[in-house]
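Reading the structure
Listed here are the chains, written in short residue letters.
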Amino acid sequence: MRGMAESPVSLRELMTPEAVTDPYPLYARLHRHGDPVVTDASGAHVVSGYAECHALLRDARCGSDETRSTMFEAMRSRGDLDDKDAALLAKAPFMLLDPPEHTRLRRLAHTCLIPAFDGLPERIARIVAELLDTAAAQESLDVVGDYAFPLPVRIICELLALPQADFPRLGRWSGALARNMDQAFNLDEEARRDGREARGAILDYFHRLIPERRARPGDDVVSQLVALADQGAADTDEVAAVCSLLLVAGHETTVNLIANGVLALTSDPQLRETVAAAPEAAKALVEEVLRFDPPLHFRTRVALADIEVAGHVVPRGATLVLLLAAANRDPRRFDEPDVFRLDRRANRHLGFGIGPHACLGAALARVEGESALGAFARRVRNPQRPAGPLTYRPGLAMRGLAELPIHHGGITAA
Ligand code: HEM
């Protein structure tokens, strides 16, 4: 058994604003280095290989509950986590839980989401058409603020039947939470405080909503969750945590998928023509964006036992950083990984993860992405990005453009 190779790229370096703007050369450096699993100075084990990420995501010895890691224990004994942090972590959503709680709550969420997806493609297409109709009246648009953001927000809020007046604060809270996903490696005090406040505020919001839905149930996901919980499937804290997870997971990621897809379309007129001409091409576009420039760059896991991977042993309690976005560019798995190609066969990227925690909203996100990107390619004439660097919001885990202003030569009718 070999000793673990030291990482040629530190996690600290990966979390800097420069790396968030363009992390791909750093991923390429990891691949050139050749070791698919390396150790970071923080003690975390960083996995950039596709085969290794794929296997670890499906491995029951890899837990999602970060409180089981030695890194977390160390933070607690250093006093980096206070009682408020601990109280919130005790109410973690199921993405951060292990069986049996994870299995039970994921099944509950799945049961309530499936019927809600009925009729959604038509609804999504209508919202997309409305957003482009509004944009047609102006010469320029900010793709992030005016197009990519409003669609998923409206859809997820419709699924949960949340009033439109609440969108601004829900959006603010979920943005703060998304930024906080880097927290273990990027202890920006302000981001941590904002994240903690946002998490508390979202949970309070749903705790207030749950009795209302219990008294006057509708056919929305929150009402379904409450009904099943009242039959013994979950307690109120768990329902609030499921609702907050759906809100945040369905919010931030899809915005980035649409914005990254439009960025690809504005960079390549040929790609735009192909996508405009055939609905199938919009599907391939979404899959290639999820591989080439995915919304979620990494997820963490905790080794619940000593795990042997790529000839190394990851000791029990160690934190694993699974670099999904690097795995998607692994030259051992994808030909010409740094080239954006619509014609990839079996494009089995890790953009939605895989295994027991694989994305529960993948079908919804795909429909939103295909609808928004297909309509953009068909209707927006000659979109041009003004010269200048792209600006990204802080955070690598949930990586996304802060804005994407474009000029266009007109938007045709739907
Ligand atoms: C392009 C958009 C999206 C991307 C790239 C994405 C990506 C992911 C990834 C990579 C995971 C796996 C996390 C892990 O293994 O730890 C995940 C989990 C999850 N996603 Fe998504 N997601 C998207 C949209 C959505 C939407 C629209 C919803 C909700 C309606 C959603 C709900 C969830 C939930 C509930 C989980 C947790 C599953 C579990 O832990 O069992 N996602 N997502």
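Remember, it's a predicted structure, so these values are computed and weren't measured experimentally.

For the rest of this paragraph, the subject is the overall build of the protein chain. For the protein chain, the helix and strand inventory stands at 19 helices and nine strands. Taking 414 residues into account, the globule formula puts the C-alpha radius of gyration at 22 Å, and the protein chain, at 21 Å, falls close to it. On the principal axes, the C-alpha backbone points of the protein chain span a range of 60 × 60 × 35 Å. Looking at the protein chain as a whole, 54% of its 414 residues qualify as buried. Within the protein chain, counting contacts between residues at least 6 apart in sequence, those at least 24 apart form 74% of the total. When the accessible area of the protein chain is evaluated, it comes to approximately 18000 Å², of which 52% is carbon and sulfur surface. Side-chain charges in the protein chain split into 48 positive and 57 negative, and the spacing between the mean points of these groups amounts to 2 Å.

Right, let's get into the nonpolar core. Of all hydrophobic cores here, the largest spans 114 residues; its most connected members are Tyr147 and Phe206. The element that contributes the greatest number of residues to this core is helix H14 (residues 236-249), accounting for nine residues. Excluding residues within four positions of it along the chain, Tyr147 makes contact with Val128, Leu131, Leu132, Leu141, Asp142, Ile258, Ala372, Ala375 and Phe376. Grouped together as the second largest cluster of nonpolar side chains are 18 residues, Cys53, Leu56, Ala318 and Leu324 included.

On the protein, Cys359 (SG) is the one donor atom to the iron atom of the ligand, at 2.3 Å. Inspection of the secondary structure assignment puts Cys359 in the loop between helix H18 (324-327) and helix H19 (362-379).

Across the interface, helix H15 (residues 252-267) lies against helix H16 (residues 269-277) with an axial gap of 5 Å and an inter-helix angle of 115°. What the angle tells us is that H15 and H16 run roughly perpendicular. Across the interface between the two elements, Ala264, Leu265, Thr266 and Ser267 of H15 pack against Pro269, Leu271, Arg272 and Val275 of H16. Across the contact of H15 with H16, the residue classes break down as five nonpolar, two polar and one charged.

What follows deals with the pattern of salt bridges. Under the criterion given, the structure shown has 21 salt bridges. Here Arg169 ties to Asp166 by a salt bridge, and the two come within 3.3 Å at their closest N and O atoms. Judged by relative accessible area, which is 30%, Arg169 ranks as partly exposed. Taking the relative accessible area as the measure of exposure, Asp166 reaches 12% and is therefore buried. Between Arg393 and Glu252 there is a salt bridge, and its shortest N-O distance comes to 3.0 Å. Highlighted residues: Arg393 in the loop between H19 and strand E9 (405-407) and Glu252 in helix H15, separated in sequence by 141 residues. Since its relative accessible area comes to 26%, Arg393 is described here as partly exposed. Among the residues examined, Glu252 registers a relative accessible area of 3% and is labelled buried. Three or more residues joined by partner-sharing salt bridges are found here, namely Glu288, Arg291 and Arg344.

Turning next to the site of the ligand. By nearness alone, 27 residues border the ligand, and His102, Arg106, Arg299, His357 and Cys359 come closest of all. Separating an oxygen atom of the ligand from a side-chain N or O atom of His102 is a distance of 2.7 Å. Taking Arg106, its side chain carries an N or O atom lying 2.7 Å from an oxygen atom of the ligand. Secondary-structure elements contributing two or more residues to the shell around the ligand are helix H7 (101-116), H14, H15, strand E5 (299-303) and H19. The element best represented in the shell around the ligand is H15, accounting for three residues. In the shell around the ligand, the residues fall into 16 nonpolar, eight polar and three charged.

Moving on, we come to helix H3 (residues 24-33). Regarding H3, the residues found buried are Tyr24, Leu26, Tyr27, Leu30 and His31. Along the axis of H3, the buried positions cluster into a sector of 160°, meaning they face one direction only. Packing partners of the buried residues in H3 comprise helix H1 (11-14), helix H2 (17-21), strand E1 (37-39), helix H17 (279-292) and H18. One or two positions beyond H3, positive phi appears at Gly34, with a value near 100°.

Right, let's talk about the packing of aromatic side chains for a bit. Under the defined criterion, the tally for this structure stands at seven aromatic pairs. Considering the side-chain rings of Tyr24 and Phe292, the 6.4 Å spacing of their centres and the 20° angle between planes classify their relative orientation as stacked. You can see Tyr24 sitting in helix H3 and its partner Phe292 sitting in helix H17, a full 268 residues away along the chain. Note on Phe292 and Phe340: the rings are 5.3 Å apart at their centroids and 85° apart in plane angle, and the pair reads as edge-to-face. Pair noted here: Phe292 is in helix H17 and Phe340 is in the loop between H18 and H19, with a separation of 48 residues, a long-range link. Looking at Arg291, its charged tip hangs above the ring of Phe334, at a distance of 5.3 Å from the centre.

Below, the discussion takes up the state of the cysteines. Here the structure, examined in full by the defined rule, presents zero disulfides. Cys62 carries a free sulfur, and the closest cysteine sulfur to it, the one in Cys53, is 10 Å from it. Of the residues examined, Cys62 reaches a relative accessible area of 8% and is grouped as buried. Unpaired in terms of disulfides, Cys157 finds its nearest cysteine sulfur in Cys243, a separation of 12 Å. The class of Cys157 is buried, set by a relative accessible area of 1%.

Rules and cut-offs
Residues numbered from 1 in each chain as written. Predicted model: local features only at pLDDT ≥ 70, side-chain atom pairs only at ≥ 80, totals over all residues. Heavy atoms only, no water. Helix = DSSP H or I, 4+ residues; strand = E, 2+ residues; numbered from the N terminus. Rg over C-alpha atoms; globule rule 2.2 N^0.38 Å. Buried < 20%, exposed > 50% of the residue type's maximum accessible area, 1.4 Å probe, protein only. Contact = heavy atoms within 4.5 Å. Areas by Shrake-Rupley, 256 points an atom, 1.4 Å probe, with all protein chains shown as cover. Lys, Arg positive; Asp, Glu negative; His and termini not counted. Charge placed at Lys NZ, Arg CZ, Asp CG, Glu CD. Core = buried A, V, L, I, M, F, W, Y, C linked by side-chain atoms within 4.5 Å. Donors = N, O, S within 2.8 Å, 3.2 Å for Na, K, Ca; no water. Axes fitted to C-alpha atoms, helices over the stretch in contact; angles between N-to-C directions. Parallel < 35°, antiparallel > 145°, perpendicular 65-115°, else oblique. Nonpolar A, V, L, I, M, F, W, Y, C, P; charged D, E, K, R; others polar. Salt bridge = Lys/Arg side-chain N within 4 Å of Asp/Glu carboxyl O. Near = heavy atom within 4 Å. Polar contact = N/O pair within 3.5 Å; in protein donor to acceptor, adjacent residues only side chain to side chain. Arc of directions from axis to C-beta. Phe/Tyr/Trp six-rings, centres within 6.5 Å; stacked < 30°, edge-to-face > 60°. Lys NZ or Arg CZ within 6 Å of the ring centre and 35° of its normal. Disulfide = S-S within 2.5 Å.

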